[in-house]
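Descriptive analysis of the structure
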Amino acid sequence: MCRFTEGVGRLARLLLLAALFSLAGCGGYSVKNLAKSDIDLVTDEAISETRRLVRELTVKLYRRNPAELDKIPGMTIEGRLAQLKVNERKLDFPELQGRQGIDAMNLAFDAHYRGDRVFALVAGLGGMLRQAYDYRPEFFMVDQLNAEALSASARNVEVLVWKLKNTRYPDGRPVLISHENEGVVDNLSFERLFGKLIALQDLLARVAADADDRLITSAVHTASTVFIPLPI
């Protein structure tokens, strides 16, 4: 019976890994990968994919909210993308008043904030996702995934989607235009992008929990309209 259970567990891990590869794709192989487990390699691909998706979100949001970019004279979308790539680990920018992760995302929806809301959102989202991986740009055998942090990050993406849909100015205009413009749902690519981010984080959370033979705390899955601090 134990062998059967162990076999099922291995099969489940293989299926999850296959799903992750289909979401994130596979990169080239290098000598340093000899110090990585299969899960490490998939985690590296997931990290790369989450960062690519944040960059894609940045472009989409600026195209729908060009006035936010104009708040910084001379700034371009390419300049913002370069800022997000400048540091492999923490995303800390003076214009965000030192706020990172969920604090920066909250700034994007603050009624009194006069800065670039798009940048606050994507820098916060990117920083929060990096925190879920303990700010590591890649993983090796000695490193360990935090299942609850990964799951919490997925829930925070869900909260972010809710906030984008429901946070509005007093006159009814959305604070940031995403899937809806002037009352018409006209861009479902945002839903697909966020769906990919949620799936990546949830799948890795399940892989990490299975590897440690533990359950993800149920409180992390509680429906919420506020961002959840990551348990790191």
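See the structure shown above.
Residues numbered from 1 in each chain as written. Predicted model: local features only at pLDDT ≥ 70, side-chain atom pairs only at ≥ 80, totals over all residues. Heavy atoms only, no water.

1. Focus: the overall build of the protein chain
So the rule is basically this: The secondary structure listing takes helices from DSSP runs of H or I that are at least 4 residues long and strands from runs of E that are at least 2 residues long, numbered from the N terminus. Each residue is assigned to one of three classes by its accessible area relative to the maximum for its type, calculated with a 1.4 Å probe on protein chains only: buried under 20%, partly exposed between the two thresholds, exposed over 50%. We call two residues in contact when some of their heavy atoms are within 4.5 Å.
What the protein chain contains, in helices and strands, is 8 helices and 2 strands. Taken from N to C terminus, the helices and strands of the protein chain fall in the order α-α-α-α-α-α-α-β-β-α. The buried share of the protein chain, taken over its 232 residues, is 47%. In the protein chain, the proportion of contacts linking residues at least 24 apart, taken out of those at least 6 apart, comes to 72%.

2. Brief notes about helix 4 (residues 77-85)
To keep things clear, this is the line we draw: The directions from the helix axis to the C-beta atoms form the arc being described.
Of all the positions in helix 4, only Ile77, Arg80, Leu81 and Leu84 are classed as buried. The buried residues of helix 4 occupy an angular sector of 100° when the element is viewed end-on, so they sit on one face. For helix 4, the elements touching its buried residues are helix 2 (38-64), helix 3 (66-69) and helix 6 (117-132).

3. What to know about the side chain of Lys163
Applied cut-off: In this tally, Lys and Arg are treated as positive and Asp and Glu as negative; His is ignored, and so are the chain termini. The term salt bridge refers to a side-chain nitrogen of Lys or Arg lying within 4 Å of a carboxyl oxygen of Asp or Glu.
By the secondary structure assignment, Lys163 is in helix 7 (residues 147-166). No salt bridge is formed by the buried Lys163; the nearest opposite charge belongs to Asp110, separated by 11 Å. Apart from residues no more than four positions distant in its own chain, Lys163 is found in contact with Asn106, Phe109, Thr225 and Phe227.

4. A short note on the pattern of salt bridges
On inspection of all chains with the given rule, the structure shows 15 salt bridges. A salt bridge links Glu138 to Lys36; the nearest nitrogen and oxygen atoms lie 3.1 Å apart. Here Glu138, found in the loop between helix 6 and helix 7, pairs with Lys36, found in the loop between helix 1 (2-24) and helix 2; they are 102 residues apart in sequence, far enough to count as distant. Residue class for Glu138 comes out partly exposed when judged on its relative accessible area of 24%. Notably, a salt bridge pairs Arg173 with Asp171, separated by 2.8 Å at the nearest N-O pair. Classification of Arg173 by relative accessible area gives partly exposed; the value is 46%.

5. Structural notes on helix 2
Filter applied, for reference: How far a helix is expected to stretch is found by multiplying one less than its residue total by 1.5 Å.
Here helix 2 spans 39 Å end to end across 27 residues, near enough to the 39 Å set by a 1.5 Å rise per residue. Counting buried positions along helix 2 gives 19 out of 27 residues, so the element sits mostly inside the fold.

6. Topic: unusual backbone geometry
Backbone geometry places Asp134, a non-glycine residue, at a positive phi of 55°. What makes Asp134 partly exposed here is its relative accessible area of 34%. Backbone geometry places Tyr135, a non-glycine residue, at a positive phi of 60°.

7. A closer look at the nonpolar core
Put simply, the test is: Remark: nonpolar core denotes a set of buried residues (Ala, Val, Leu, Ile, Met, Phe, Trp, Tyr, Cys) joined through side-chain atoms within 4.5 Å.
Ranked by internal contacts, the top residues of the largest apolar core, which has 60 residues, are Leu57, Leu96, Leu121, Leu125, Leu160 and Phe194. If you list the elements that add at least two residues to this core, you get helix 2, helix 4, helix 5 (101-108), helix 6, helix 7 and helix 8 (189-212).

8. Regarding the packing of helix 4 against helix 6
Defined as follows: Note on geometry: axes are C-alpha line fits, over the in-contact stretch for helices, and angles between N-to-C directions span 0 to 180 degrees. Comment on the angle field: the value is read as roughly parallel under 35 degrees, roughly antiparallel over 145, roughly perpendicular from 65 to 115, and oblique elsewhere. The hand of a helix crossing depends on one turn: near helix anticlockwise from the far one by less than a right angle means left-handed, and clockwise means right-handed.
It is at 11 Å that the axes of helix 4 and helix 6 come closest, and there the two elements cross at 25°. By the angle between their directions, the pair helix 4 and helix 6 is classed as roughly parallel. Every pair of crossing elements has a handedness; the one defined by helix 4 and helix 6 is right-handed. In this structure, helix 4 contributes Arg80, Gln83 and Leu84 to the contact, and helix 6 contributes Phe119, Val122, Ala123 and Arg130.

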